[in-house]
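Descriptive structure summary
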Amino acid sequence: MKRIYACILILAALLLTALYSSRQVQRFADSISGDLDHAVAAVRARDLSLARLALRKGADRCDRMREKMNHLLPTADFTELEAALRAAEGQLEQNAPEEALGELRRAQVQVETLEWLSRRLI
């Protein structure tokens, strides 16, 4: 009987861990989507310094998320997203907003994929 209880506890712990990590990724996707939206709006308004600030904030958020969740989730998606945001920031520093918008579109697709995967776990 003790083994059954132990198995139920292990199963409950795994389920809670999956729900926790899924919720964290959903929060991350929501917040990074806001950063991307601000960056796209700023690029279209030709305010490149504001766009770079939003991209830097988003890339730092990716870095923190990767460090915080590395024991629960594969971090390759966060690393790729951070690279896309830093690349877009570099394009803006070189005054190439069209290339930066391309990187931002790629980042938006990655965020949508992360969000879809996190909702799929629930």
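See the structure printed just above.
Report on the accompanying structure. (Residues numbered from 1 in each chain as written. Predicted model: local features only at pLDDT ≥ 70, side-chain atom pairs only at ≥ 80, totals over all residues. Heavy atoms only, no water.)

With respect to the pattern of salt bridges
Working definition: two side chains of opposite charge can pair if their charged atoms are close together. Here is the rule we go by: The term salt bridge refers to a side-chain nitrogen of Lys or Arg lying within 4 Å of a carboxyl oxygen of Asp or Glu. Helix and strand definitions follow DSSP, with helices as H or I runs of at least four residues and strands as E runs of at least two, each counted in order from the N terminus. For each residue, the accessible area found with a 1.4 Å probe, counting protein chains only, is set against the maximum for its type, and the residue is called buried under 20%, exposed over 50%, and partly exposed in between.
A complete count under the given rule lists eight salt bridges for this structure. Between R86 and D60 there is a salt bridge whose closest N-O contact spans 3.2 Å. Residue R86 is found in helix α3 (residues 76–93), and its partner D60 is found in helix α2 (residues 48–69); the two are separated by 26 residues along the sequence. Judged by its relative accessible area of 35%, R86 falls in the partly exposed class. What you see here is one network of salt bridges that share partners, running through D60, D63, R66, E82 and R86.

Focus on the nonpolar core
Stated precisely, the cut-off is as follows: Joining through side-chain atoms within 4.5 Å is the link that ties buried Ala, Val, Leu, Ile, Met, Phe, Trp, Tyr and Cys residues into a set, and such a set is a nonpolar core. Should any heavy atoms of two residues lie within 4.5 Å, those residues are considered in contact.
Grouped together as the largest cluster of nonpolar side chains are 29 residues, with contacts concentrated most on F28, I32, L55, L81, L85, L92 and L104. Of all the secondary-structure elements, those providing two or more residues to this core are α1 (2–44), α2, α3 and α4 (97–121). Beyond its immediate sequence surroundings of up to four residues, L55 is in contact with A39, L85, A88, E89, L92 and L104.

Describing the environment of V25
Here V25 is to be found in helix α1. Here V25 falls in the buried class, since its relative accessible area comes to 5%. In this structure the C-alpha to C-alpha distance between V25 and R119, which are 94 residues apart in sequence, comes to 9.0 Å.

Quick word on the packing of aromatic side chains
Formally: Pairing of aromatic rings covers Phe, Tyr and the six-membered ring of Trp, with a centre-to-centre limit of 6.5 Å; geometry is then stacked below 30 degrees between planes, edge-to-face above 60, and tilted otherwise.
Counted according to the given criterion, the structure contains one aromatic pair. Look at F28 and F78: their rings are 5.2 Å apart centre to centre, the planes differ by 85°, and that puts the pair in the edge-to-face class. Of the two residues, F28 is situated in helix α1 and F78 in helix α3; the sequence distance between them amounts to 50 residues. Assigned by exposure class, F28 and F78 land together as buried.

Points about the environment of A29
Position of A29 relative to the elements: it lies in helix α1. A residue is classified by how much of its surface remains accessible, and A29, at 0% relative accessible area, is buried. Residues A29 and L114, 85 residues apart in the sequence, show an inter-C-alpha distance of 6.9 Å. Beyond its immediate chain neighbours, meaning those up to four positions away, A29 contacts V111 and E115.

Focus on α3
In an α-helix there are 3.6 residues to a turn, and that puts residues three or four apart on one side. Under the convention used in this document: Every helix has an expected span of 1.5 Å times one less than the residues it contains. Note that the arc is defined by the directions from the helix axis to the C-beta atoms.
Taking 1.5 Å as the rise per residue, α3 with 18 residues should run 26 Å; its terminal C-alpha atoms sit 26 Å apart, in good agreement. Among the residues making up α3, those that are buried are F78, L81, E82, A84, L85, A88, E89 and L92. For α3, the angular spread of buried residues about the axis comes to 160°, placing them on one side. In the segment just after α3, N95 is the residue with positive phi, at about 60°.

Section: a nonpolar patch on the surface
Test applied: Patches were defined on residues exceeding 30% relative accessible area and lacking a salt bridge, with like-charge contacts within 9 Å and nonpolar side-chain contacts (Val, Leu, Ile, Met, Phe, Trp, Tyr) within 5 Å. In these tables, accessible area is a Shrake-Rupley quantity obtained with a 1.4 Å probe, and a residue counts as shielded only by the protein chains included in the view.
The grouping of M1, I4, Y5 and I8 at the surface amounts to a nonpolar patch, some 470 Å² of accessible area in total. Note on placement: I8 falls in helix α1. For I8, a relative accessible area of 49% gives the class partly exposed.

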